[in-house]
Amino acid sequence: MTGLRPILVLNGPNLNMLGVREPHIYGHHTLGDVEDMCRERAAALGVEVTFGQSNYEGELVGMIQQARDGASGIVINPGAYTHTSVAIYDALKLAELPVIEVHLSNPHRREEFRHHSYISLVAEGIVAGFGARSFVMAIEGMVGYLRRQVPAGGPGD
Ligand code: DHK
């Protein structure tokens, strides 16, 4: 398609239950719907996407390690691990790939324990609060970033 490696879209614990899990917070789309939306938008932009989901921290770490040599960037919603996981933070650092952090809800409007994210420390950008659309926006942001059509977020760039 473009010479870019695929973008990995990774989801953490409980996101396999989208559609039935607290729909007033996370919406009615299933994870399959989210993946279809990402695939469609990515195809329109001329890039490939691959998907992973796990309820286990170590499995997510393994998928991030594998992405190091196989992906061009990582779009990740780590679920509750956002707020707890130094292991996922470390894995994202060692992957040496651009990361966009995604949330369906806006964690900053919710319980205080959701206000801190380890992942934000390594993310080029964050999309939160737009339900399933957050993922599509993250794909758009990642493709723009990879093609250098938008500035990188960090002060060091
Ligand atoms: C998903 C989760 O599973 C929560 O643990 C996070 C995030 C928020 C979301 O909004 O997508 O706190």
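Scoring rules and cut-offs
- Residues numbered from 1 in each chain as written.
- Predicted model: local features only at pLDDT ≥ 70, side-chain atom pairs only at ≥ 80, totals over all residues.
- Heavy atoms only, no water.
- Phe/Tyr/Trp six-rings, centres within 6.5 Å; stacked < 30°, edge-to-face > 60°.
- Lys NZ or Arg CZ within 6 Å of the ring centre and 35° of its normal.
- Near = heavy atom within 4 Å.
- Polar contact = N/O pair within 3.5 Å; in protein donor to acceptor, adjacent residues only side chain to side chain.
- Areas by Shrake-Rupley, 256 points an atom, 1.4 Å probe, with all protein chains shown as cover.
- Axes fitted to C-alpha atoms, helices over the stretch in contact; angles between N-to-C directions.
- Helix = DSSP H or I, 4+ residues; strand = E, 2+ residues; numbered from the N terminus.
- Parallel < 35°, antiparallel > 145°, perpendicular 65-115°, else oblique.
- Left-handed = near helix turned anticlockwise from the far one by under 90°.
- Contact = heavy atoms within 4.5 Å.
- Nonpolar A, V, L, I, M, F, W, Y, C, P; charged D, E, K, R; others polar.
- Buried < 20%, exposed > 50% of the residue type's maximum accessible area, 1.4 Å probe, protein only.
- Arc of directions from axis to C-beta.

### Section: the packing of aromatic side chains
Aromatic rings considered in pairs are described by the distance between their centres and by the relative angle of their planes.
Here's step 1: Tallying each qualifying case throughout the model produces zero aromatic pairs.
Here's step 2: The ring of Tyr26 has Arg21 sitting right over it, with the charged end atom 4.0 Å from the ring centre.
Here's step 3: If you follow Arg148 out to its NZ or CZ, it ends over the ring of Tyr145, 4.9 Å from the centre.

### With respect to the site of the ligand
Here's step 1: Within the structure, the ligand sits among Arg21, Tyr26, Asn77, Gly79, Ala80, His83, His103, Leu104, Ser105, Arg110 and Arg114.
Here's step 2: His83 is positioned such that a nitrogen or oxygen atom in its side chain is 2.7 Å from an oxygen atom of the ligand.
Here's step 3: Bound to the protein, the ligand loses 99% of the 310 Å² it would expose on its own.

### Observations regarding the packing of helix α2 (residues 31–45) against helix α5 (residues 133–146)
Two packed helices can be described by the angle between their axes and the distance between those axes.
Here's step 1: In contact at an axis separation of 9 Å, α2 and α5 are set at 25 degrees when each is read in the N-to-C sense. Relative to α5, the element α2 is oriented roughly parallel. As for how α2 packs across α5, the hand of that crossing is right-handed. For the pair α2 and α5, contact is made by Val34, Met37, Cys38, Arg41, Ala42 and Leu45 and by Arg133, Phe135, Val136, Ile139, Glu140 and Val143, respectively.
Here's step 2: Of the residues that constitute the contact of α2 with α5, the class distribution is nine nonpolar, no polar and three charged.

### Considerations on helix α4 (residues 86–95)
Helical periodicity: at 3.6 residues per turn, an α-helix aligns residues three or four positions apart in one direction.
Here's step 1: Among the residues of α4, those classed as buried are Ile88, Tyr89, Ala91, Leu92 and Ala95. End-on, the buried residues of α4 take up no more than an arc of 165 degrees, which puts them together on one face.
Here's step 2: Elements that come into contact with the buried residues of α4 comprise α3 (57–67), β3 (73–77) and β4 (99–103).
Here's step 3: A distance of 3.4 Å separates the backbone nitrogen of Ala87 from a side-chain oxygen at the start of α4, and that oxygen is part of Ser85.

### What to know about the packing of α3 against α4
Here's step 1: Relative to each other, α3 and α4 sit at 5 degrees, their axes nearing to 9 Å. Judged by the angle between their axes, α3 and α4 are roughly parallel. Across the interface between the two elements, Glu57, Leu60, Val61, Ile64 and Gln65 from α3 touch Ala87, Ile88, Ala91, Leu92, Leu94 and Ala95 from α4.
Here's step 2: Looking at the contact of α3 with α4 residue by residue, the class counts come to nine nonpolar, one polar and one charged.

### What to know about the environment of Asn77
Here's step 1: With respect to the helices and strands, Asn77 occurs in strand β3.
Here's step 2: Here the alpha-carbon distance between Asn77 and Leu104, two residues 27 residues apart in the chain, equals 8.4 Å.
Here's step 3: Once you skip the residues sitting within four places of it in the chain, Asn77 turns out to touch Leu10, Asn11, Gly12, Leu15, Val102, His103, Leu104 and Phe135.
Here's step 4: Separated by 3.0 Å, the side chain of Asn77 and the backbone nitrogen of Gly79 make a polar contact.

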